[in-house]
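Spelled out, the chains give:
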Amino acid sequence: MKGSILIFMLVIGLYPMLLAQTLLSGRIIDIESDEGISGVPVMVQGTSLHAITDMDGYFELEVEGLPLTLVCNHIAYETIEQEITTDEKIEIKLKLKEIALPVMVVGSRFAPRTSITSAVPIDNITYTELLSTGQQTLDKMMMYSIPSFNSTQQTISDATAHFDPMDLRGLGPSRTLVLINGKRKNPSALVYINDTPGKGEVGVDMKSIPAAAIERIEVLRDGASAQYGSDAIAGVINVILKKDYDITSANLYSGITLKGDGFHVGANANTGFRIGKEGYLSATVNFYRQNESQRAGTPGEDNLFGVSKDDSVWGDWLADNPNLGTRVGQPELTQGNVVLNFKTPVTKWLDIYSFGGFTYRRTKSYALYRTPYWIPDPHNLLHKEGTYYRGFQPTFESTIFDHNFTLGAGGGTGKWKYDLSVTSGSNHVKYAVNNTINTSMGANSPTSFNPGGYEFLNVIANADAARELGPVTIMAGVEYRTEMFAAKAGDTASYFGSGAQSFPGIQDQNAVGFGDANRYNIGGYLEVVGEFLKNKNLLIGAAGRLENYSDFGLNFSWKGNVRYKFLKDRMAIRGSASTGFRAPSLHQSYLSIIQTLISGGTVSNQGTFNNQHPAVNALGVPKLKQETALNFTAGIAANPMKKMFVSLDFYRIAVKDRIVYSSSVASSDPSTIVGQIMNDYSITSLKFFTNAANTVSQGLDFVFQYKGLKLGQKGGALSFAFSMNMNQTKIDTAITTPEAVSAAGVDIFDRKEQSRIVSARPLSKMILSLIYQWKGLRVQINNTRFGAVRWQHATNPDFDQTFRPKILTDLQLQYQVNPNFFFGVYVNNILNVYPDPIETHGDVVTDLGGRFLYPWEVNQFGFNGTNFSVYLGVRFGKNK
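Values in this document were obtained by computation on a predicted structure and should not be read as measured data.

### Side note on the overall build of the chain
Then, in step 1: Of the regular secondary structure elements, the chain holds 11 helices and 42 strands.
Then, in step 2: The C-alpha atoms of the chain give 29 Å as radius of gyration, which agrees with the globular expectation for 880 residues (29 Å, within 12%).
Then, in step 3: Across its three principal axes, the chain shows a C-alpha extent of roughly 95 × 65 × 50 Å.
Then, in step 4: With 880 residues in all, the chain has 58% of them scored as buried.
Then, in step 5: Taking as baseline every contact in the chain between residues at least 6 positions apart, the subset at least 24 positions apart corresponds to 69%.
Then, in step 6: In the form shown here, the chain has an accessible surface area of approximately 34,000 Å², with 58% of it arising from carbon and sulfur atoms.
Then, in step 7: Taking the average location of the 79 positive side-chain charges in the chain and that of its 79 negative ones, the two points are 6 Å from each other.

Right under this line is the structure:
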C-alpha cells in the first residue's frame, strides 16, 4: 500500500514535466558581484515546475510553452519575478536583502511603523520563526522565540495544567493584553488558584490560537493602557492572521520524548481564496493530540504519611510502587481548531472584514495517587472484594470551548480613516473527576463526578477614526465592553460532605450566573502623533484614555513618547512614559470554591471566598479596585548595515494596589474573627483576593540580528540572532493586611506566595539562533539560557532553594525538496537537560514526600527532557 502511494505521488509530480516542450536555461547572479548564486529555487509561477541553480548559479528548466513568469526566491535575496517571452539564455540579477523591518500596527492603530521608526520597542515574530522552535503549541513557540515571554507546562494543578499561565516580563498573566488582528481577545474562564506561577490571576488561553493560522505576531514591549485600556501594563501581543489567497498548505508532524512517552501527533491545513480583485478568505483547520509523560520521583517510602519502606503492612506495596503511584508530567490532550479571516472591498472607501476562531479541547491529568493507607475503600467501589487493595488514581479532566468572532468595516477617504467593529468572545471549561470516591457517602458513592465548571463571555464594540493634518495625525475612538462570568455548580455527590476525593465540586451556594457576575465599561481615547524636522526625524506622540467601569468607577491613563532618528533612518533613540491600569477580573470578584489539600499527611478543606462573601467582609477586606501602573521605557534601535538590526531598551514598571491571592488564613482560636469563620463554614483555612501589594519591575531587552551572510560563492548563507531579557521584580512596600487577620497572627501574603511574584520566573533569558541555508537545506541551532528561579518556604528561609540557570539546545534540519514539498527533523533539548532536583532540607512537604523530583511551584522550562519530532509540509498555488 505504501509503495502504491509513493508511485502515485511520483507520477503526479512528474506528469507536468512529461508534457514540457521548451527548454529554458540561464544563470542567477548577484547584482553587486556579478557572481553566480547557488541554491536559488527558480519557479514557474502558477505551476509546480521548478529548478534549483547549481554551484555556479546555472539552471535548466523544461516548460510547456511561452510566455511565462519565473519567480526566484532565496533566503538571502529579494524575491524577483521576471517575464520570459523567448527561449534565449536568461540572466536574472538578485539583490541582497536588507534586514527585514516589517511594518507593525500594534503601537498605534492608524500609524503603523517599522522597528526603527517606532517610538516604542516592538518584536515581530513570523510563522516561520514560530515553526522553527520545534514546539507544538503557540504558547511554547513564543516562549522559545521571545525572551520576555514565559509559559511552562504545569502538573498536578487541576485545570491550570490544561492552560499553562503565560506572562511578559514576569508580571503575571493578567497584565498582558492579547489582540487578534488588533481586536481584544477574551480571557479564559479559569482563575489560576493552584500553586503555580501566575497564581490568583486570569489570562488568555494561548493554546486556543493555532500557529498554522498566524502570519506573524507583534509584541509591544511597553505599557499601552492609554491606547487599548485595561491589562496592557507589561505589553501587548497582537496576533496577525494569515491572509494568503490562491495558496494551499498542509503540514503533518509527530514526535516522542527520549524516554518513549509524551507521544504527539498533529496536522493542519490552510487555504486562501481571492474574492474579487483585492479581497480574500483564509481558512485554517488544526488538529493536535498529545499523550501524557511521566517524571515522578521514586522515593520508595512515604515520609509524608510516615510509612517507611520496611513497614510490616505496606512495605510490599512500596516496593511495587516506588513512585507512590504518582503521575507527574504533561497531561493528555486532544484539540481541534477552525480559524477564518475575511476581507473584501465594497467601495473605494469601504472594506468589510470578519475573522474568528473556534477551539475544542479535551484534557486529562491526575491528582495525587490515593495510596491504600491514605484513603481506604471498605465498600469495594474501586477494587473487587477479596482482592488486594492497591489504592486508586483520581483523574482530573476538562472540556474546553473557546471562540472569538469579529465583524467590522473600515476604510478611508482623503486624509480620513475609520474603523467600526463588534467582537464577541467566550471561554467555557467543564470539569469531570473520575476513578475516585466520596468517602462521606460510604457505599452509595459514585466513582465518577461532575464538579461543575466556569464560563466567561464578553462583547466589545469599537469605533475609531484618524485624520491627517500636515505632519500630525489625530486618532480618536470609543469602546463599549460588557463582560459576564459564571460558576456552574457540580452534581450534589461531588461536594456532599468531604466531597469527591481530589476535587470537591462547586457547591450550589457558590454557583454564580451571568445575571449576578457581570459589568460593563465605556471608554474613549485621543492620540496625537506628529513627525517633524527634515525627513520626519523627530516623532512626538501623546495619548489619553478615560474609562468608566460599572463596578469600580473611573480611570484615566496617559502616555507620551518621543523618537529621534538619524544616519539616514538607520538609527533611532526612543523613550516613553505612561500610566496604566488593570481592572479586577470578574473571576477574582466572584469566585468561591472549597479545595481538599494535604500537608504533612493531614487532609484539610480550604475555602476560597469571593470579595462579596460575608466572611471576607467580616475580615475587613475592602472591595476590589483597579491596579494602577507607571511605566518608563528608553532605548536605541539601529539598522547600521544591510542585513543587521540591533536594539537595546530599558524599562521600569511600578504597579500599585496589585491584586493578590492571599496565603491560607487560619486560626483555631474561636475568640478571633478568623477562628469564628473557620467554625461557621466548616473549613480549616480561608483564602481571598485583595489589593495588597505594590511592586516595581525593571530590566533590559536586547536584540541583535544578522541575516543572509554569504559564505563564499558556493558556501550558502548564514543568519544569526541573539536576544536577551533581564528583569527583576521587588515588592516595594509592606503588604496591606486587614486588622482582623493581623489580630489572628496570620501573614496575609507569606514568603512562599511572594516568591511567585518576585522569583517564580527566570530573572533572565537569552536566545541564540544560528541558521545555515544551502540550496534546499536549512539547518538551525537554537540555544536558550534560562536564568535562575527561586522557591521560598512560607516561614523558614533555611528551606529556600535556588534552581540554577540551564541552557537548552534545539536542532532543526529541514530540506525543501521542491517548491511544493519539504520535510524536517527537530530535536528539542538535544542534551537532555533537566532542572535541578528539589532539595527538601528535611521538610517532607517541600517535595510531598519525594513524589516530585523536579520543581513545579516555580518553573523554568518544564521537565520532559529530549523530544524528537518530524514534519512533512506541502504548499501549492501561485506565489504572491
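### With respect to a nonpolar patch on the surface
Then, in step 1: A cluster of nonpolar side chains, contributed by Phe532, Leu533, Ile540, Val562, Tyr564, Ile573, Ile636, Leu648, Phe650, Leu700 and Met726, occupies part of the molecular surface with about 900 Å² of accessible area.
Then, in step 2: Of all the secondary structure elements, the ones that give two or more residues to the nonpolar patch are β27 (553-566) and β32 (644-661).
Then, in step 3: Take valine 562: it is sitting in strand β27.

### Some thoughts on the sheet that holds strand β12 (residues 183-184)
Then, in step 1: Judged by pairing direction, the sheet is mixed, and its five strands sit side by side in the order β8-β13-β14-β11-β12 without closing on themselves. Edge positions in the open sheet fall to β8 (122-126) and β12, since each of these has one partner strand only.
Then, in step 2: Sheet analysis places β8 next to strand β13 (residues 214-220), joined by five bridges and oriented antiparallel. Across the sheet, residue aspartate 123 finds its bridge partner in β13, namely valine 219.

### Considering the pairing of strand β14 (residues 235-241)
Then, in step 1: With respect to burial, β14 is a largely interior element, seven of its seven residues being buried.
Then, in step 2: Of the two faces of β14, the one lined by Gly235, Ile237, Val239 and Leu241 and the one lined by Val236, Asn238 and Ile240 are each fully buried.
Then, in step 3: In terms of strand pairing, strand β11 (residues 176-180) meets β14 through five bridges, oriented parallel. Along β14, the bridge assignment pairs leucine 179 with asparagine 238.

### Some remarks on the pattern of salt bridges
Then, in step 1: Counting across every chain of the model gives 49 salt bridges.
Then, in step 2: Between glutamate 215 and arginine 216 there is a salt bridge; the shortest N-O distance is 2.6 Å.
Then, in step 3: For glutamate 215, a relative accessible area of 26% translates into the label partly exposed.
Then, in step 4: A cluster of three or more residues bridged by salt bridges with shared partners is formed by Asp195, Lys199, Lys687, Lys752, Glu753, Arg756 and Glu857.

### Quick notes on the nonpolar core
Then, in step 1: Grouped together as the largest cluster of nonpolar side chains are 45 residues, with contacts concentrated most on Met142, Ile217 and Ile237.
Then, in step 2: When residues in this core are grouped by element, the largest group, four residues, is from helix α3 (residues 138-143).
Then, in step 3: Leaving out residues up to four positions away in the same chain, methionine 142 has contacts with Leu130, Phe149, Met206, Ile217 and Ile237.
Then, in step 4: Ranked by size, the runner-up nonpolar core spans 29 residues in total, among them Val433, Phe456, Ile593 and Ile659.

### Comments concerning the environment of isoleucine 781
Then, in step 1: Position of isoleucine 781 among the secondary structure elements: in strand β37 (residues 777-786).
Then, in step 2: Between the C-alpha atoms of isoleucine 781 and alanine 666, which are 115 residues apart in sequence, the distance is 51 Å.

### Regarding the packing of aromatic side chains
Then, in step 1: All chains considered together, the criterion is met by 31 aromatic pairs.
Then, in step 2: Taking the centre distance of 6.0 Å and the plane angle of 75° together, the rings of tyrosine 431 and tyrosine 454 count as edge-to-face. Note that tyrosine 431 is positioned in strand β21 (residues 416-434) and tyrosine 454 in strand β23 (residues 453-469), a separation of 23 residues in sequence. The same class applies to tyrosine 431 and to tyrosine 454, which are both buried.
Then, in step 3: Among the aromatic residues, ring-to-ring pairing joins Phe305, Trp314, Trp317, Tyr369, Tyr373 and Trp374 into one connected group.
Then, in step 4: Here the guanidinium or amino end of lysine 242 rests over the ring plane of tyrosine 127, the centre of that ring lying 4.2 Å away.
Then, in step 5: For the cation-ring pair, arginine 361 lies above phenylalanine 163, with the distance from its terminal atom to the ring centre recorded as 5.4 Å.

### Observations regarding the sheet that holds strand β1 (residues 22-30)
Then, in step 1: With respect to topology, three strands assemble into an open sheet ordered β4-β1-β7, the strand pairing being mixed. Because the sheet does not close on itself, it has two edges, and the strands there are β4 (58-63) and β7 (90-94). Averaged over all pairs of adjacent strands, the angle between their axes in this sheet comes to 30°, without regard to strand direction.
Then, in step 2: Sheet topology places β1 next to β4; six bridges connect them, and they run antiparallel. Across the sheet, residue leucine 23 finds its bridge partner in β4, namely glutamate 62.

### Focus: unusual backbone geometry
Then, in step 1: Here the amide bond leading from leucine 66 into proline 67 is cis, since omega sits at 0°, within 30 degrees of zero.
Then, in step 2: Topologically, proline 67 is positioned in the loop between β4 and β5 (68-72).
Then, in step 3: We note that aspartate 231 has phi near 90°; this positive angle belongs to a residue other than glycine.
Then, in step 4: Taking the relative accessible area as the measure of exposure, aspartate 231 reaches 19% and is therefore buried.

### Some thoughts on the side chain of glutamine 501
Then, in step 1: Mapped onto the fold, glutamine 501 is located in the loop between α6 (492-495) and β25 (518-532).
Then, in step 2: Residue glutamine 501 is classed as buried on the basis of its relative accessible area of 8%.
Then, in step 3: Reaching out from glutamine 501, the side chain makes a polar contact with the side chain of arginine 370 at a distance of 3.0 Å.
Then, in step 4: Beyond its immediate stretch of four places on either side in the chain, glutamine 501 contacts Arg370, Ile375, Phe392, Pro394, Val433, Thr436, Ile437 and Thr439.

### Concerning the pairing of strand β36 (residues 764-774)
Then, in step 1: Pairing analysis gives 10 bridges linking strand β35 (residues 717-731) to β36, with the strands arranged antiparallel. The residue of β36 that forms the bridge with asparagine 725 is lysine 765.
Then, in step 2: Where β36 and β37 come together, 10 bridges link them in antiparallel fashion. Within β37, the position partnered with tryptophan 774 by the bridge is leucine 777.
Then, in step 3: The hairpin turn running from β36 into β37, its antiparallel successor, is two residues long, and lysine 775 in that turn takes a positive phi close to 55°.

### Quick look at the environment of glutamate 91
Then, in step 1: By the secondary structure assignment, glutamate 91 is in strand β7.
Then, in step 2: It is 5.6 Å that separates the C-alpha atoms of glutamate 91 and glycine 26, two residues lying 65 residues apart in sequence.
Then, in step 3: Setting aside residues up to four positions removed in sequence, glutamate 91 forms contacts with Arg27, Ile29 and Gln82.

### As for helix α9 (residues 673-680)
Then, in step 1: Among the residues of α9, Val674, Gly675, Ile677 and Met678 are the ones counted as buried. Buried residues of α9, viewed axially, fall in a sector of 160°; they line one side. Residues Asn679 and Asp680 are exposed on α9 and point more than 90 degrees away from its buried face.
Then, in step 2: Trailing α9 by a residue or two, serine 682 shows a phi angle of about 50°, which is positive.

### Thoughts on the side chain of glutamate 455
Then, in step 1: Here glutamate 455 shows up in strand β23.
Then, in step 2: Here lysine 488 takes part through its side chain, which lies 3.4 Å from a polar atom of the side chain of glutamate 455.

### Remarks on helix α11 (residues 751-758)
Then, in step 1: Taken together, the buried positions of α11 are occupied by Lys752, Glu753, Ser755, Arg756 and Ile757.
Then, in step 2: Capping the start of α11 is the job of one residue whose side-chain oxygen sits 3.1 Å from the backbone nitrogen of lysine 752: aspartate 750.

### Regarding the confidence of the model for the chain
Then, in step 1: Overall, the prediction assigns the chain a mean pLDDT of 88, with 93% of residues at 70 or greater.
Then, in step 2: Residue range residues 1-20 is modelled with pLDDT below 50. Its contacts to residues more than four positions away, or to other chains, number nine contacts.
Then, in step 3: Counting interchain partners and residues more than four positions distant, the pLDDT-below-50 stretch residues 99-104 has 31 contacts.

### Side note on the environment of glycine 877
Then, in step 1: With respect to the helices and strands, glycine 877 occurs in strand β42 (residues 867-877).
Then, in step 2: Under the relative-accessibility criterion, glycine 877 is labelled partly exposed at 38%.
Then, in step 3: In sequence terms glycine 877 and isoleucine 247 are 630 residues apart; their C-alpha atoms lie 4.3 Å from each other.
Then, in step 4: Those residues in contact with glycine 877, other than ones at most four positions away along the chain, are Asp246 and Ile247.

Rules used in this analysis
- Residues numbered from 1 in each chain as written.
- Predicted model: local features only at pLDDT ≥ 70, side-chain atom pairs only at ≥ 80, totals over all residues.
- Heavy atoms only, no water.
- Helix = DSSP H or I, 4+ residues; strand = E, 2+ residues; numbered from the N terminus.
- Rg over C-alpha atoms; globule rule 2.2 N^0.38 Å.
- Buried < 20%, exposed > 50% of the residue type's maximum accessible area, 1.4 Å probe, protein only.
- Contact = heavy atoms within 4.5 Å.
- Areas by Shrake-Rupley, 256 points an atom, 1.4 Å probe, with all protein chains shown as cover.
- Lys, Arg positive; Asp, Glu negative; His and termini not counted.
- Charge placed at Lys NZ, Arg CZ, Asp CG, Glu CD.
- Patch = residues over 30% accessible without salt bridge, like charges linked within 9 Å, V, L, I, M, F, W, Y side chains within 5 Å.
- Salt bridge = Lys/Arg side-chain N within 4 Å of Asp/Glu carboxyl O.
- Pairing = 2+ DSSP bridges.
- Core = buried A, V, L, I, M, F, W, Y, C linked by side-chain atoms within 4.5 Å.
- Phe/Tyr/Trp six-rings, centres within 6.5 Å; stacked < 30°, edge-to-face > 60°.
- Lys NZ or Arg CZ within 6 Å of the ring centre and 35° of its normal.
- Axes fitted to C-alpha atoms, helices over the stretch in contact; angles between N-to-C directions.
- Polar contact = N/O pair within 3.5 Å; in protein donor to acceptor, adjacent residues only side chain to side chain.
- Arc of directions from axis to C-beta.
- pLDDT = per-residue confidence, 0-100.

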